[in-house]
Amino acid sequence: MFWNEKIETLKGKDLEQLQLKRLKWTLSQVRHVGFYQQQLREGGIGADDIRTLDDVRKLPFTRKQDLRDGYPFGFIAVPLSQVVRIHTTSGTTGKPTVVGYTRRDLEAWAELIARNLTMVGLKEGDVFQNMVNYGMFTGGLGFHYGAEKVGLTVIPSATGNTRRQIEMIQDFGVTAIHCTPSYAMHLAEVAEEIGAELSTLRTGLFGAEPWSDAMRGELERRLGVTAYDSYGLSELFGPGVAFECPERDGLHIWHDSYLVEIIDPSTGEVLGPGERGELVVTPLVKEAMPLLRYRTGDITMLLPDECPCGRAQKIARITGRSDDMLVIRGINVFPSQIEHVLLGIPEVGNQFMVYVDRVNHLDEMTIEVEINRAHFSGEIADLARIQKKVVKELRDTLELRTTVKLVEPGSLPRFEGKAKRVIDRREGV
Ligand code: DLL
């Protein structure tokens, strides 16, 4: 099903023409931003330098730090009176990043979400529970307006009070839910604990943090949904940048609105299809906060364009961020790899924490994981067996020795929004 079939299936010359026209418009729009005026002047780049889409490579990159330096309104390209909404990123380090939207931006954003929802078969008659934060985080209001646009019955339940969330799913006959995959796991856990049936659920939209295919399988089994991956970031409106279609083999990035490159994060060199690197995006329709070549920090690759659903331009699921990738004794580790291994071991649960320390100049990684009572005899000897097994399977995948601590079920933190499973205690990392 399509929301906007003509645009969603646009390919070849027609697509290129549209992208080029919009790229030129974006270049004119960024000229209202001091940072870009300076960058373009220094680079000697004029409007005439952009003749083909490849010319995007002449433009400067924009980094998260640039946006932070511009706090609060340095990157807003329209008079503040035309900004009708402000969101911020969570800002775990230093100042948050501010993003602004004009009326036209909000419409464009809602359209992208409407495309995503329609693509996975949601339509009028579906009851949609939006279990993400409705404040400064873009996930709540972003999905809310897109879902209303499609005509779903929206329940703006936001986060928290999991039992009440379950009650609402049951009482309102909810057919589709949206939340982070970590919260979905918690929801499943609580529903099982209290013996609640979630029989009306059919669709789960999960995103805002990396999650593995093993986790997808688990969520589908425990919640009785078909689970779709949803990707986005505040700097590019929020959710709605890329989304899985029913094939669930890569995410379609909305190519009329985002021009995509994949680069080697250390050299900035542009990589080809099938080569994994950092996703760089030039948004093509952003009015209040246009950006050039935004370095998302997210690691993915371009997939072949053909998809049975008829849409083009796909990226692989995000395996992590170039900057939350852990380097342990020289080996790159993504928390999603750890999750994948643990989910494959029935003796342990799916909640875990990772601690990284430096002991005698050596990196040490400790993983705490909850034991699964159903597969544990209660004997000390069995504990040792399970621990050895987890260490071995982690070593086989990560090629890294780790310390594994088995802990009581229910003892590790649960997360309502994005999970924070990694605590890096090394100095200067
Ligand atoms: O997380 C927007 C969003 C809301 C996306 C709801 C999907 C659903 P930020 O808080 O700015 O925005 O965080 C963006 O989260 O750069 C990625 O590192 C990570 N991320 C988002 N979606 C995914 C995903 C929202 N599906 C940052 N897979 C991004 C992996 C994701 N990582």
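### Regarding the overall build of the chain
Okay, step 1: Secondary structure summary: the chain contains 11 helices and 21 strands in total.
Okay, step 2: Taken over the C-alpha trace, the chain has a radius of gyration of 22 Å; the compact-globule value for 429 residues is 22 Å, and the two agree within 12%.
Okay, step 3: Viewed in the frame of its principal axes, the chain has a C-alpha envelope of about 75 × 55 × 40 Å.
Okay, step 4: For the chain, buried positions account for 55% of its 429 residues.
Okay, step 5: Relative to all contacts within the chain whose residues are 6 or more apart in sequence, the contacts with residues 24 or more apart total 66%.
Okay, step 6: When the accessible surface of the chain is summed, it comes to about 18600 Å², and 49% of that surface belongs to carbon and sulfur atoms.
Okay, step 7: Across the chain, the 52 positively charged side chains and the 60 negatively charged ones have centroids separated by 2 Å.

### Details of a nonpolar patch on the surface
Okay, step 1: A cluster of nonpolar residues, Phe73, Leu80, Ile86 and Met136, forms a patch on the protein surface that exposes about 330 Å² of accessible area.
Okay, step 2: Inspection of the secondary structure puts Ile86 in strand E1 (residues 85-88).
Okay, step 3: Given the relative accessible area of 34%, Ile86 is considered partly exposed.

### Re the sheet that holds strand E9 (residues 251-253)
Okay, step 1: The strand order E4-E3-E5-E6-E7-E8-E9-E14-E13 describes an open sheet built from 9 strands, whose pairing is mixed. The open sheet has two edge strands, strand E4 (153-155) and strand E13 (302-303), and neither has a second partner.
Okay, step 2: Pairing of strand E6 (residues 203-207) with strand E7 (residues 226-233) involves 5 bridges; the strand directions are parallel. From the neighbouring strand, Gly207 faces E7, where its bridge partner is Ser230.
Okay, step 3: Running at roughly 165° to strand E3 (residues 127-130), helix H6 (residues 138-150) makes contact with E3, E4, strand E5 (176-179), E6, E7 and strand E8 (238-244) of the sheet.
Okay, step 4: Seen against the sheet, helix H9 (residues 213-223) touches E5, E6, E7 and E8 and runs at an angle of roughly 130° to E7.

### Structural notes on the site of the ligand
Okay, step 1: Taken together, the neighbourhood of the ligand is formed by 19 residues, with Asp229, Ser230, Ser234, Asp298 and Lys418 sitting nearest.
Okay, step 2: Interatomic distance of 3.4 Å between a backbone N/O atom of Pro210 and a nitrogen atom of the ligand.
Okay, step 3: Computed on the free molecule, the ligand has an accessible area of 610 Å², of which 93% lies beneath the protein chains in the complex.
Okay, step 4: If you list the elements that add at least two residues to the shell around the ligand, you get H6 and E7.
Okay, step 5: Take the shell around the ligand: its biggest share by element is 5 residues, from E7.

### Remarks on the domain arrangement of the chain
Okay, step 1: The domain architecture assigned to the chain consists of domain 1 (1-320) and domain 2 (326-424).
Okay, step 2: At the junction of the two partners, domain 1 supplies 23 residues and domain 2 supplies 15 residues.
Okay, step 3: Both faces combined, the contact of domain 1 with domain 2 buries some 1500 Å², and carbon together with sulfur accounts for 54% of it.
Okay, step 4: Where domain 1 packs against domain 2, one counts 1 salt bridge.

### Comments concerning the packing of H9 against helix H10 (residues 335-343)
Okay, step 1: Direction vectors running N to C along H9 and H10 enclose 50°, while the axes themselves pass 8 Å from each other. With respect to each other, H9 and H10 are oriented oblique. Contact residues: H9 offers Ala214, Met215 and Glu218, while H10 offers Glu339, His340 and Leu343.
Okay, step 2: For the contact of H9 with H10, a count of residues per class yields 3 nonpolar, 1 polar and 2 charged.

### Some points on the layout of surface pockets
Okay, step 1: Taken as a whole, the second largest pocket spans an internal volume of roughly 590 Å³.
Okay, step 2: As for the second largest pocket, its lining consists of 24 residues, of which Gln19, Leu259, Val260, Leu302 and Gln313 are closest to the centre.
Okay, step 3: Broken down by secondary-structure element, the contributors of at least two residues to the lining of the second largest pocket are helix H2 (12-30), strand E10 (258-263) and E13.
Okay, step 4: Grouping the amino acids of the lining of the second largest pocket by side-chain chemistry returns 13 nonpolar, 5 polar and 6 charged.

### A closer look at the nonpolar core
Okay, step 1: By size, the foremost hydrophobic cluster in this structure holds 67 residues, and its most contacted members are Leu59, Leu117, Leu205, Tyr231, Tyr258 and Ile315.
Okay, step 2: Element by element, the count of residues in this core is highest for helix H5 (residues 103-119), at 6 residues.
Okay, step 3: Discounting residues that sit within four places of it in the chain, Tyr231 has contacts with Pro239, Gly240, Val241, Ala242, Leu251, Leu279, Thr296, Asp298, Ile315 and Ile318.
Okay, step 4: If you look at the next biggest cluster of nonpolar residues, it comprises 28 residues, including Ile169, Ala188, Ala196 and Leu219.

What counts as what
Residues numbered from 1 in each chain as written. Predicted model: local features only at pLDDT ≥ 70, side-chain atom pairs only at ≥ 80, totals over all residues. Heavy atoms only, no water. Helix = DSSP H or I, 4+ residues; strand = E, 2+ residues; numbered from the N terminus. Rg over C-alpha atoms; globule rule 2.2 N^0.38 Å. Buried < 20%, exposed > 50% of the residue type's maximum accessible area, 1.4 Å probe, protein only. Contact = heavy atoms within 4.5 Å. Areas by Shrake-Rupley, 256 points an atom, 1.4 Å probe, with all protein chains shown as cover. Lys, Arg positive; Asp, Glu negative; His and termini not counted. Charge placed at Lys NZ, Arg CZ, Asp CG, Glu CD. Patch = residues over 30% accessible without salt bridge, like charges linked within 9 Å, V, L, I, M, F, W, Y side chains within 5 Å. Salt bridge = Lys/Arg side-chain N within 4 Å of Asp/Glu carboxyl O. Pairing = 2+ DSSP bridges. Axes fitted to C-alpha atoms, helices over the stretch in contact; angles between N-to-C directions. Near = heavy atom within 4 Å. Polar contact = N/O pair within 3.5 Å; in protein donor to acceptor, adjacent residues only side chain to side chain. Domains from an automatic or database assignment. Buried area = accessible area lost by both parts, 1.4 Å probe. Parallel < 35°, antiparallel > 145°, perpendicular 65-115°, else oblique. Nonpolar A, V, L, I, M, F, W, Y, C, P; charged D, E, K, R; others polar. 1 Å grid on protein atoms, 1.4 Å probe; cavity = no way out; pocket = protein on both sides within 12 Å on 5 of 7 lines; lining within 4 Å. Points joined across faces, edges and corners; volume = space filled by probe spheres on them. Core = buried A, V, L, I, M, F, W, Y, C linked by side-chain atoms within 4.5 Å.

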